[in-house]
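If you want the building blocks of each chain, they are given just below.
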Amino acid sequence: MQYFKTGIKGFDIIMDKGLPDKTCIILHGPSGTGIRVFGQQFIYSGLQQGAHCIYFTSERASSEIMDDMKFYNWDIEEYVKNKQLSFIDAYTAKFEQSYSADLDFLKEIVWDVGASNQLRMVLMRNLERLENQKVTQIRCVIDSLSSLFRTENPEDVIDLFESIQIAVRQYGGIYFFILDRGVHDDRLVNTILYLADGIFDFSTRERGSELEHVMRIQKLRNMIYSTKLIPYIISE
């Protein structure tokens, strides 16, 4: 089993040898606890280490994600240009009613294939391409499961998650799936958490006069880990 450091200070110290390859991890927490920023920092740090990364977005255009990351001085423009980072942009296809670059091969069929289908098809195309290029480290963020649960048939989303898990076992990589707490039916949430290889639970706590982002590892396959609260500090 291979392990990879995230590149996120503090977290890597706690995790020692890093996160296991071929792993699907749920980032679970309420809005405002930093789950998306954590995922974006994970992507940026991976790019700096030479990893090839994939970012699926269904709630905002990929250009907005790039602007958000630039706010923290995580400039990913060059990585996108040289295809070390690929966006799967379901927002542009659905809400702007136009084609994202990864849907060119479907133009003659329909402009909106649905976010789940787009993720399933384009992710597999990317993974096959990376395998042909002999890429050894892959990182992926799915932003978000919450959006998919709201707009698609929930059972189809669960099936999609299991399909991605099978692909992860074949192609490798570390995959973060963002799931907002307090938005979905408990049965759906518990099913996804049961299927996942790992669960990182995010929350905030008061520290003096400030709120501090913290996370706790609730589950992680192939790892011995601490269940203590880990302060999460956003850094460049």
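Because the structure is predicted, anything quoted here is derived from the model rather than measured.

Peer 1: Summarise the packing of helix α6 (residues 115-132) against helix α8 (residues 154-171); cite the residues concerned and give the values.
Peer 2: Running from N to C, α6 and α8 point in directions that differ by 5°, and their axes come no closer than 11 Å. The angle between the axes of α6 and α8 places the two elements in the roughly parallel class. On α8, the residues that touch Ser116, Leu119, Arg120, Leu123, Met124, Leu127, Glu128 and Glu131 of α6 are Asp156, Val157, Asp159, Leu160, Ser163, Ile164, Ala167 and Tyr171. Looking at the contact of α6 with α8 residue by residue, the classes come out as nine nonpolar, two polar and five charged.

Peer 1: Could you give me a rundown of the side chain of Ser146, with the residues and numbers involved?
Peer 2: Here Ser146 lies in helix α7 (residues 145-151). On the accessibility criterion, Ser146 (2% relative accessible area) is buried. Apart from residues no more than four positions distant in its own chain, Ser146 is found in contact with Ile178, Leu179, Asp180 and His184.

Peer 1: Mind laying out the sheet that holds strand β7 (residues 174-180), listing which residues take part and the relevant values?
Peer 2: Taken in spatial order, the eight strands make up an open sheet running β5-β4-β6-β7-β3-β8-β9-β10, and their pairing is mixed. In this open sheet, the two edge strands, each paired with only one partner strand, are β5 (85-89) and β10 (230-231). Bridge analysis of strand β3 (residues 23-29) against strand β8 (residues 198-207) gives four bridges, and the strand direction is parallel. Paired with Ile25 across the two strands is Gly198, which belongs to β8. Along the sheet, helix α3 (residues 62-71) makes contact with β4 (52-57), β5 and β6 (138-143), crossing β5 at roughly 130°.

Calculation criteria
- Residues numbered from 1 in each chain as written.
- Predicted model: local features only at pLDDT ≥ 70, side-chain atom pairs only at ≥ 80, totals over all residues.
- Heavy atoms only, no water.
- Axes fitted to C-alpha atoms, helices over the stretch in contact; angles between N-to-C directions.
- Helix = DSSP H or I, 4+ residues; strand = E, 2+ residues; numbered from the N terminus.
- Parallel < 35°, antiparallel > 145°, perpendicular 65-115°, else oblique.
- Contact = heavy atoms within 4.5 Å.
- Nonpolar A, V, L, I, M, F, W, Y, C, P; charged D, E, K, R; others polar.
- Buried < 20%, exposed > 50% of the residue type's maximum accessible area, 1.4 Å probe, protein only.
- Pairing = 2+ DSSP bridges.

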